[in-house]
Structures are given as C-alpha cells and as structure tokens.
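Fold and contact review
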Amino acid sequence: MSDLDLLTQSLARNVKHWRAVRGFTLDVLAARAGVSRGMLIQIEQARTNPSLGTVVKIGDALGISITTLLDYEQGPKVRVVPADQAVRLWHTDAGSYNLLLAGTEAPGPLELWEWRLMPGENSSSDPHPTGTAELVHVTEGELTLTVDGVEYRVPAGATASFEANTPHTYGNQGEVPMGMLMAVSVPPVQ
C-alpha cells in the first residue's frame, strides 16, 4: 500500500472518529468547515485525496490538528516522531514544501511545521478560526509574509507572530531558498 493510500485511509478513519466525538452530523461538519457534504462523504469513504486547504478547514472545524487527523493512535506522554515519519502535505516541482513535524492537542491543537520555499514561490492560507496564532522563525533566506493584505519582510534569524484569522501568504521574493519553522496554535472547539 502506498503512503498516499495510508494517508487517505487514516484521514477517512479520523474524520469519522472526531466527527462522532464532537457529535457532529455530516451536515453540521460541512457547514462548520465550509466544504460540501459530498466531499465529506468521499473523504470518510477514503475515495478522495482532498487539498491541504480542505484538510485544514476540517481540522479547524473539528478543533483538532492535522497531526491528529492523520494519526488517531495516541501514543505515550512523550512522543518522538522520527524524521522519516514527518508528513509532507504540500510541495512543488521546483522544490518548495512544508513538513508537519509534530502536533499535540493540549489545550487546543498545536502544530510544528518546517517550510521551504524556492525563489519566486508562495503558499496562501485561508483564515483560521478566531484565536489561532502562528509563530514563524526564518532559518535561511527571507520570508515575505502577507497578512490581511499587508506585506512584512522577515529575514533569516528573525521571528514573527500573528493572529491567523485573516488571509495570509508565505512567499519568497528573494534569490535563494527560504526556510522557516512555524508553530500554529488553534483554540479548542467550544
């Protein structure tokens, strides 16, 4: 079985599980996430590989991290994620990517990401729920961070934080690859 098949099956199992835990019907989750009921049915039946944006919306609507959506089995209090088990959810042919390094659910979802953007590339994100915070630390190159239409330059060694409940884009307008670490904290579902 391919990694993509395993990911699709894990996502299907976990969306069903967390929807049941939250007591959400398909219609309720679809409305909360802003995705169609038909898309949720296809996801829960492991018949589709949704976009990263769709997975993020479902996780936000359920109040859980992408890590939890992709890994239902909760381990011991200390969990070591080997480098070869980090999950790459987005990449381009030019070499840009993001890598979900780890995540937890206390008190709400908390995720740690590694990102690499090649010169001239960018990745946009829809607004997350109110109360979501992101921290980015640039390890190489320069990040062009656009939050709610305002552009910020974040050079190597610098860190930025922002409320992520507005549209935002990570970009590399430089001549060299840009690398960053990002932590995302999502408030628990009320």
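Quick note: structure is the one above.
Residues numbered from 1 in each chain as written. Predicted model: local features only at pLDDT ≥ 70, side-chain atom pairs only at ≥ 80, totals over all residues. Heavy atoms only, no water.

A separate point is the environment of Thr 166. Structurally, Thr 166 is set in the loop between β8 (159–163) and β9 (168–171). Put simply, Thr 166 and Gly 149 are 17 residues apart on the chain and 9.1 Å apart in space, counted from C-alpha to C-alpha. (Helix = DSSP H or I, 4+ residues; strand = E, 2+ residues; numbered from the N terminus.)

Side-chain pairing between opposite charges can occur once the charged atoms of the two side chains come close. Per the counting criterion, the structure on display carries 6 salt bridges. Among the ionic pairs, Arg 116 bridges to Glu 140, the shortest N-O distance being 2.7 Å. Linking Arg 116 in strand β3 (residues 110–117) with Glu 140 in strand β5 (residues 133–140), this pair joins segments that are 24 residues apart in sequence. Given a relative accessible area of 32%, Glu 140 falls into the partly exposed group. Across the pair Glu 151 and Arg 153 runs a salt bridge whose closest N-O atoms are separated by 3.7 Å. The structure contains a network of salt bridges with shared partners spanning Glu 142, Glu 151 and Arg 153. (Salt bridge = Lys/Arg side-chain N within 4 Å of Asp/Glu carboxyl O. Buried < 20%, exposed > 50% of the residue type's maximum accessible area, 1.4 Å probe, protein only.)

Here we come to the environment of Ile 66. With respect to the element layout, Ile 66 can be found in helix α5 (residues 66–70). Setting aside anything within four residues of it in sequence, one finds Ile 66 in contact with Leu 52, Val 55, Val 56, Leu 89, Leu 100, Glu 111 and Trp 113. (Contact = heavy atoms within 4.5 Å.)

With that settled, consider the packing of aromatic side chains. In the structure shown here, the tally under the stated rule is 2 aromatic pairs. With a centroid separation of 5.6 Å and 40 degrees between ring planes, the pair formed by Trp 90 and Trp 115 is classed as tilted. Note that Trp 90 is positioned in strand β1 (residues 87–91) and Trp 115 in strand β3, a separation of 25 residues in sequence. Take Trp 90 and Trp 115: they sit in the same class, and that class is buried. Ring geometry for Trp 115 and Tyr 170: centres 4.9 Å apart, planes at 50 degrees, overall tilted. (Phe/Tyr/Trp six-rings, centres within 6.5 Å; stacked < 30°, edge-to-face > 60°.)

Generally speaking, a soluble globular protein has its nonpolar side chains buried in company with each other. Among the nonpolar cores identified, the biggest contains 40 residues, and Ile 58, Leu 143 and Tyr 170 are the most heavily contacted of them. With 5 residues, the single largest contributor to this core is helix α4 (residues 52–62). Tyr 170 has contacts with Trp 115, Leu 117, Glu 121, Asn 122, Ser 123, Glu 134, Leu 143, Thr 144, Leu 145, Phe 162, Met 180 and Met 182, leaving out every residue within four places of it along the chain. (Core = buried A, V, L, I, M, F, W, Y, C linked by side-chain atoms within 4.5 Å.)

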